[in-house]
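Residue-level structure breakdown
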Amino acid sequence: MNAITRLATVISLASLFPFSALAADAKGTVEVVHWWTSGGEAKAVKVLENLVEKDGYEWKDSAVAGGGGAAAMTVLKTRAVSGNPPSAAQIKGPDLQEWGALGLLTNLDEVSSQNNWDKLLSKTVSDTMKYDGHYVAVPVNIHRVNWLWINPEVFKKAGIDKAPTTLEEFYAAGDKLRAAGFIPLAHGGQPWQDSTVFENLVLSIMGADGYKKAFIDLDEKTLTGEKMVEVFTALKKVGGYMDENRAGRDWNIAAAEVINGKAGMQIMGDWAKSEWTAADKVAGKDYQCVPFPGTQGSYTYNIDSLAMFKLSAKNNTPGNIAAQNDVAKIALEPEFQYVFNQNKGSIPVRNDLDMSKFDACGQASAKDFAEADKNAKLEPSMAHNMATSLAVQGAIFDVVTNFMSDKNADPAKAGKQMSSAIKAAR
Ligand code: BGC
């Protein structure tokens with residue numbers, strides 16, 4: 001069932017069973033806005049829904065389709081402005097501070113102290129979840145963004161005997177795949193997907209320090225320098241391995257092209273694994289996950305979290321507040337962390353869990369995360385709202401996507417355009 005059909009089914013079921021009838025026996029209701037709508041993602045979020053319902057609360061699912069979450073954020077803003085926020089919403093990284101500053105988020109002091117969140121979470125993670133010293137969100141996972149997904153069967157058919165570890169090897173694999181009649185690189189032409197590729201190239205070409213200077217410091221020299229010209233030149237070349245009809249394609253449809261053997265590779269965060277898992281494919285056997293060429297040792301992280309809103313007067317009942325706290329509590333419990341993350345493609349956000357329950361990609365991710373952390377090579381993902389404000393991110397997205405959709409775009413100019421767009425957005 002695609003997202004639209006699923007949405008239509010949900011809407012028609014809701015009209016058959018009005019909200020009040022469904023909620024009749026629940027102790028309280030929690031409404032959650034999120035964008036986990038692909039097959040694998042929906043399976044993952046269902047785990048939370050089931051556990052909340054087991055505790056006697058009603059889960060009101062307000063999924064807004066659209067990878068990367070831009071559409072969900074638009075819906076959320078409209079609802080918040082009109083005084084009708086949901087109980088919880090998928091909000092991440094620095095954006096949590098902006099919502100906190102608006103005074104719209106509720107604090108989770110009680111549930112976080114009762115359940116020892118400060119001990120369970122690393123400081124980088126807990127600091128991100130706090131506004132003004134109080135938890136306002138609960139983290140659910142850690143995704144890695146600098147991955148390359150490979151169909152080894154397709155590689156074999158194209159005569160490629162190993163996964164690329166450098167950009168040169170990546171281009172060589174792309175050439176062979178094309179010559180053998182495959183789409184070398186599956187991709188969906190949407191701004192966040194374009195920028196996912198772009199940030200991987202920044203990391204590969206500029207290294208961890210250059211990445212930090214570009215996306216955290218927003219350093220003008222880095223944004224406009226020679227290395228950035230190299231990045232845009234590489235982006236143009238990488239774009240040449242994507243198929244021409246990619247505009248608007250969803251990331252999971254692109255993932256399906258690799259899963260079905262039409263394409264050889266995809267550059268995507270490890271939510272892509274949720275699609276492989278949902279298709280019953282086994283990591284390390286049916287597919288390979290390798291660090292994006294040239295980024296070995298670094299780890300771009302993307303932490304999903306659910307922020308809790310102050311409830312509107314009409315919803316502000318003890319039962320609904322209890323339901324909100326229940327979501328926050330469950331989200332960090334081992335039962336949820338294991339099953340959700342196995343389905344989602346991510347790794348647990350608490351580091352006391354047994355990683356032998358995870359597949360080869362999950363284990364590699366946990367190991368690489370720990371190593372990158374030791375070596376100061378953990379980088380927040382720009383394309384996934386971890387590094388900058390949404391305004392700055394939007395400015396970068398515009399420049400990158402315009403560049404990718406214009407065959408005549410000049411790599412020597414793009415960095416300068418990006419720097420001016422960032423300045424205007426700050
Ligand atoms: C989110 C993931 C989600 C992906 C695709 C990312 O920004 O962090 O949870 O699976 O977008 O929608």
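Preceding block: the structure.
Remember, it's a predicted structure, so these values are computed and weren't measured experimentally.

**With respect to the overall build of the protein**
For the protein, the helix and strand inventory stands at 20 helices and 14 strands. Seen through its principal axes, the protein has C-alpha atoms that stretch 60 × 45 × 40 Å. Buried residues in the protein amount to 55% of all 426 residues. Across the protein, the mean location of the 44 positive side-chain charges is 3 Å away from that of the 50 negative side-chain charges.

**Overview of helix H20 (residues 411–425)**
Between its terminal C-alpha atoms H20 stretches 22 Å, which fits the 21 Å expected from 15 residues at 1.5 Å a residue. Residues of H20 that are buried include every one of Pro411, Ala414, Gly415, Met418, Ser419 and Ile422, and no others. Along the axis of H20, the buried positions cluster into a sector of 135°, meaning they face one direction only. H20 presents Lys423 and Ala424 as exposed residues on the side facing more than 90 degrees away from its buried surface. At its buried positions, H20 is contacted by helix H11 (191–215), helix H12 (220–224), helix H13 (226–239) and helix H19 (390–405).

**With respect to the sheet that holds strand E14 (residues 378–380)**
Backbone-to-backbone hydrogen bonds join strands into a sheet, with any given pair of strands oriented parallel or antiparallel. The three strands are arranged E7-E12-E14 in an open sheet whose pairing can be described as mixed. Sheet topology places strand E7 (143–144) and E14 at the edges, where each strand pairs with a single neighbour. Where strand E12 (residues 299–302) and E14 come together, three bridges link them in parallel fashion. Residue Tyr301 lies in a different strand from E14, and its bridge partner there is Pro380. Sheet contacts for H11: E12 and E14; angle to E14, the most-contacted strand, approximately 115°. Across the face of the sheet, helix H18 (residues 360–374) comes into contact with E7, E12 and E14 while running at roughly 110° to E12.

**Describing the nonpolar core**
Ranked by size, the top nonpolar core spans 71 residues in total, and within it Phe198 and Met228 carry the most contacts. Here the element with the most residues in this core is H11; it accounts for eleven residues. Each residue touching Met228, except ones within four places of it in the same chain, is listed here: Phe198, Val202, Met206, Ala214, Thr222, Leu223, Gly415 and Met418. One finds Val47, Ala89, Leu121 and Tyr135 within the second-largest nonpolar core, a separate group that totals 62 residues.

**Some thoughts on the state of the cysteines**
Counted according to the given criterion, the structure contains one disulfide. Linked covalently through their sulfurs, Cys289 and Cys361 form a disulfide whose S-S length is 2.2 Å. When the S-S torsion is -115°, as for the bridge of Cys289 with Cys361, the disulfide is left-handed. Placement of the pair is Cys289 in strand E11 (residues 288–291) and Cys361 in helix H18, with a sequence separation of 72 residues. Since its relative accessible area comes to 16%, Cys289 is described here as buried.

What counts and what doesn't
- Residues numbered from 1 in each chain as written.
- Predicted model: local features only at pLDDT ≥ 70, side-chain atom pairs only at ≥ 80, totals over all residues.
- Heavy atoms only, no water.
- Helix = DSSP H or I, 4+ residues; strand = E, 2+ residues; numbered from the N terminus.
- Buried < 20%, exposed > 50% of the residue type's maximum accessible area, 1.4 Å probe, protein only.
- Lys, Arg positive; Asp, Glu negative; His and termini not counted.
- Charge placed at Lys NZ, Arg CZ, Asp CG, Glu CD.
- Expected span 1.5 Å × (residues − 1).
- Arc of directions from axis to C-beta.
- Contact = heavy atoms within 4.5 Å.
- Pairing = 2+ DSSP bridges.
- Axes fitted to C-alpha atoms, helices over the stretch in contact; angles between N-to-C directions.
- Core = buried A, V, L, I, M, F, W, Y, C linked by side-chain atoms within 4.5 Å.
- Disulfide = S-S within 2.5 Å.

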